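The chain contents come next:
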Amino acid sequence: MINVAVLGYGTVGSGIVEVFNTNQESINKKAGNDIHVKYVLDLREFPGDPVMDILVHDYNIILNDPEVEVIAEVLGGVEPAYTFVKSALEKGKSVCTSNKELVAKHGPELLEIARKHNRNFLFEASVGGGIPIIRPLNQSLTADEITHITGILNGTTNYILTKMSKEGLDFDTVLKEAQDLGYAERNPSADVDGFDACRKIAILASLAYGYNVDFEEIYTEGITKITDVDFKYANKMGRSIKLFGNANKVEDKFYAYVAPVMIDSEHPLFSVNGVFNGILVNGNVLGDVMFYGSGAGKLPTASAVVSDIVDAVKHLNTNIMSFWSSKKLELTDIRLSAKKFFVRVSGSVEDKLQAVEAAFGKVEVVLAEGVENEFGFVTEVITEEKYEEASKKVEGVITRIRMED
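Residues numbered from 1 in each chain as written. Predicted model: local features only at pLDDT ≥ 70, side-chain atom pairs only at ≥ 80, totals over all residues. Heavy atoms only, no water.

Novice: In this structure, what is going on with the overall build of the chain? I would like to understand it.
Specialist: The helix and strand tally for the chain stands at 13 helices and 17 strands. For the C-alpha atoms alone, the extent of the chain along its principal axes is close to 75 × 45 × 30 Å. For the chain, the proportion of its 405 residues judged to be buried stands at 56%. Within the chain, residue pairs in contact and separated by at least 24 positions form 73% of the contacts whose partners lie at least 6 positions apart. Carbon and sulfur atoms make up 49% of the accessible area of the chain, which totals about 17,600 Å². Between the mean site of the 41 positive side-chain charges and the mean site of the 59 negative ones, the chain shows a separation of 2 Å. (Helix = DSSP H or I, 4+ residues; strand = E, 2+ residues; numbered from the N terminus. Buried < 20%, exposed > 50% of the residue type's maximum accessible area, 1.4 Å probe, protein only. Contact = heavy atoms within 4.5 Å. Areas by Shrake-Rupley, 256 points an atom, 1.4 Å probe, with all protein chains shown as cover. Lys, Arg positive; Asp, Glu negative; His and termini not counted. Charge placed at Lys NZ, Arg CZ, Asp CG, Glu CD.)

Novice: Teacher, can you tell me more about the packing of helix α3 (residues 81-90) against helix α4 (residues 100-116) here?
Specialist: Relative orientation and spacing of two packed helices are given, respectively, by the angle between their axes and the distance between those axes. Axis separation between α3 and α4 bottoms out at 10 Å; the angle between their running directions is 10°. Considering the angle they form, α3 stands roughly parallel to α4. Where α3 crosses over α4, the two elements pack in a sense that is right-handed. When α3 is examined against α4, the residues Ala 81, Tyr 82, Val 85, Lys 86, Leu 89 and Glu 90 are found in contact with a partner set consisting of Leu 102, His 106, Glu 109, Leu 110, Ile 113 and Ala 114. Each residue belonging to the contact of α3 with α4 can be placed in one class, and the counts come to eight nonpolar, one polar and three charged. (Axes fitted to C-alpha atoms, helices over the stretch in contact; angles between N-to-C directions. Parallel < 35°, antiparallel > 145°, perpendicular 65-115°, else oblique. Left-handed = near helix turned anticlockwise from the far one by under 90°. Nonpolar A, V, L, I, M, F, W, Y, C, P; charged D, E, K, R; others polar.)

Novice: What is the right way to look at the packing of aromatic side chains in this model?
Specialist: Two aromatic rings are characterised by how far apart their centres lie and by the angle between their planes. Summed over the entire model, instances satisfying the criterion amount to twelve aromatic pairs. Measuring from ring centre to ring centre gives 5.9 Å for Phe 123 and Trp 324, while their planes differ by 75°; the resulting arrangement is edge-to-face. Here Trp 324 lies in the loop between α11 (298-314) and β13 (338-346) and Phe 123 lies in the loop between β6 (121-122) and α5 (134-140), a separation of 201 residues in the sequence. Residues Phe 123 and Trp 324 agree in their burial class; the two are buried. Joined through ring pairs, the aromatic side chains of Phe 341, Phe 360, Phe 375, Phe 377 and Tyr 387 make up one cluster. Against the face of Tyr 257 rests Arg 402, its NZ or CZ located 5.9 Å from the ring centre. (Phe/Tyr/Trp six-rings, centres within 6.5 Å; stacked < 30°, edge-to-face > 60°. Lys NZ or Arg CZ within 6 Å of the ring centre and 35° of its normal.)

Novice: How should I be thinking about the side chain of Ser 14 in this particular structure?
Specialist: On the secondary structure map, Ser 14 appears in helix α1 (residues 11-31). Excluding residues that lie within four positions of it along the chain, Ser 14 makes contacts with Tyr 9 and Lys 298.

Novice: Would you take a moment to explain the sheet that holds strand β3 (residues 55-56) for this structure?
Specialist: Remark on secondary structure: sheet strands pair via backbone hydrogen bonds, oriented parallel or antiparallel. Taken together, the six strands give an open sheet; going across it, the order is β3-β2-β1-β4-β5-β6, and neighbouring strands pair in parallel fashion. Both edges of this open sheet fall to β3 and β6, since each of them pairs with a single strand only. Inspection of the sheet shows strand β1 (residues 2-7) paired to strand β2 (residues 35-41) by six bridges, in the parallel sense. Bridge pairing in β2 links Ala 5 to Tyr 39. (Pairing = 2+ DSSP bridges.)

Novice: Explain the nonpolar core to me, please; I cannot follow it from the model alone.
Specialist: Note that soluble globular proteins tend to have their nonpolar side chains buried in a common cluster. Membership of the largest hydrophobic core comes to 82 residues, with the highest contact counts inside it found for Ile 62, Phe 121, Ile 160 and Leu 204. If one sorts the elements of this core by residue count, helix α9 (residues 195-209) sits on top with ten residues. Those residues in contact with Ile 62 that lie beyond four places of it in its chain are Ala 5, Leu 7, Tyr 39, Leu 41, Val 56, Val 68, Ile 71 and Lys 93. Core analysis: the next-biggest nonpolar cluster, separate from the first, contains 33 residues, Val 37, Cys 96, Ala 125 and Ala 312 among them. (Core = buried A, V, L, I, M, F, W, Y, C linked by side-chain atoms within 4.5 Å.)

These figures come from the coordinates and say nothing about function on their own.
Written as structure tokens, this is what we have:
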């Protein structure tokens, strides 16, 4: 029998216990061993819940119990999660986590500690919830050189943008609805400002390229400035707007950013709607591979954590190598990356087009139904730096959105 402890009995922690209760027999069979949840750590009490029989409030009880072989950390945040996880690995216990903040900030260090103690630090659930992406990057796609990762990595923002697109609603209206439905937090900044997606693309890029990508150096732009008018233009062009986490390698340069992007109907992620996530990986041998599914939620995320627990049990004394060096990957300035831009500008085409083309070169004009006293245009492929320079030469620029085909 292998004893497991769960740190945190919130949404995901209670989901882990539920997954074990529901699928205990098949889980044990796949693990090749009986897995027993011996402890659940939480500061709260849960009267009437069977978890009370195994609930503890002191982490040291778990840390100092030699019978506990694997710990599932689902507390969230950096502290006390980092302290707990580090001490567990140093004690020779494997750790599985859904904590993207912890992984993005301390991933290389914790992986190294796990290697030294011949145990494992696993984090499949930290990106994409129930979507298997960490393991494929670490194992299945190792023959490929990853050139590009593009992901819809946050279900909350994807839900908001989908509703705005389908129903013509404004951002504030849909955000309130998302909060009422429990898809968005009362303070939604981590989602709508792009910070959640930023940490996730940092983890994916680090695994894909083997070196540590500092999430604090990734250009991050959220969706708070996207309006219902932007979607009128997008719909006119047969496009949609998604919040992308993007990492790509161009020759010997590496770029990463999080930002809203306009994509056309041929793009593989075009139809990823609602709270679902999608991750597109391009390898130089395999080509495009897409991963799609529930990117968050109690049971999908808990399922991914339990899958890691099973993996940890199957490899109790064998470290599963993760190619994520603590050596820093130097990102190229985002201003040097090139793409098309969709731009809205106030005024009429007759009055402004000459100035626009003098600044940007030849553009494709876009007129949206029901939108007056402005027009949109699509640039040729230019660098971000070139866009910034050109936009300063045109009066009345309202907004711009990056484009990807």
